[in-house]
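Given next are the chains, with one letter for each unit.
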Amino acid sequence: MTETSTAALDLEEAGAVLAAEAARFASFGWMRGTSGNLSLVLSRDPLRLAVTASGRDKGELTSSDVVLTDGEGLAVGPGRPSAEAALHARVVRLTGAGAVVHVHTVASVVMGQRSPGGIPFEGLEMLKGLGHPTHEVSVTLPVIANSQDMGELGARLEAAVQPGMPAVVVAGHGIYVWGADPREARHRAEVVEWLLELAVARG
């Protein structure tokens, strides 16, 4: 089997995984219309990612609705990846993540507006879902200003990333969350969204 056919098989398998994850998030109302995007690392050297294709309904993705990109988020094969593929690639390079989730939730937009300097959380059992061994911790969910320039947005994200918080809120936009694999990224995204909904409820 050639390298090309192996990559194609891996991409199809990754597409099936990402389609299932997207359907789950869409069912929560976190990927309405064609919003949001997901990625999965296929190789580290060279860095290759499977990224959901641009402009697709995330509740109806199939295994073919994914694009192979390089370590800068540029398409390596056919198709057009999400416009934010470059930011996914930067998160992977920065954190060593194996998967990245970007969803558009109401709570993230509300809290990004309320707390542009970051959103603190302390003493909550759900923080263990982010890898903390106990609830007796204090963490801050960073908030960064949005930009259509992925280089600029990536620089803001890199400057804002906090230890113990695998996520960032992009003001007026949504959240980026990452993990070692799609399941961990999904679990962390659900935990971060729970924290944001709690913050909204607290006013």
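Residues numbered from 1 in each chain as written. Predicted model: local features only at pLDDT ≥ 70, side-chain atom pairs only at ≥ 80, totals over all residues. Heavy atoms only, no water.

Quick word on helix α4 (residues 150-160)
No. 1: If you check which residues of α4 are buried, you get Met150, Leu153, Gly154, Leu157 and Ala160. Across the axial projection of α4, the buried residues extend over an arc of 130 degrees, all falling on one side.
No. 2: Summarising the contacts, the buried residues of α4 are in contact with α2 (85-95), β7 (143-144) and β8 (167-170).
No. 3: Taking the backbone nitrogen of Gly151 as reference, a side-chain oxygen 2.8 Å away marks Asp149 as the first, capping residue of α4. (Buried < 20%, exposed > 50% of the residue type's maximum accessible area, 1.4 Å probe, protein only. Helix = DSSP H or I, 4+ residues; strand = E, 2+ residues; numbered from the N terminus. Arc of directions from axis to C-beta. Contact = heavy atoms within 4.5 Å. Polar contact = N/O pair within 3.5 Å; in protein donor to acceptor, adjacent residues only side chain to side chain.)

Details of the environment of Gly79
No. 1: As for its position among the elements, Gly79 is in the loop between β3 (66-69) and α2.
No. 2: Considering only alpha carbons, one finds Gly79 and Val92, 13 residues apart in sequence, at a separation of 21 Å.

Section: the environment of Val177
No. 1: With respect to the helices and strands, Val177 occurs in strand β9 (residues 174-179).
No. 2: Separated by 69 residues in the primary sequence, Val177 and Ser108 place their C-alpha atoms 12 Å from one another.

As for the pairing of β8
No. 1: The alternating pattern of β8 places Ala167 and Val169 and Val168 and Val170 on opposite faces, both of which are buried.
No. 2: The pairing of β7 with β8 spans 2 bridges and is classified as parallel. Bridged to Val143 within β8 is Val169.
No. 3: The parallel pair β7 and β8, bridged by α4, forms a crossover whose chirality is right-handed.
No. 4: Alignment of β8 against β9, held across 4 bridges, turns out to be antiparallel. Residue pairing for β9: Val169 is matched across the bridge by Ile175.
No. 5: Turn length for the β8-β9 hairpin, with the two strands adjacent in sequence and antiparallel, is 3 residues, and the turn residue Gly172 shows positive phi of about 70 degrees. (Pairing = 2+ DSSP bridges. Right-handed = clockwise from strand over helix to strand, strands pointing away.)

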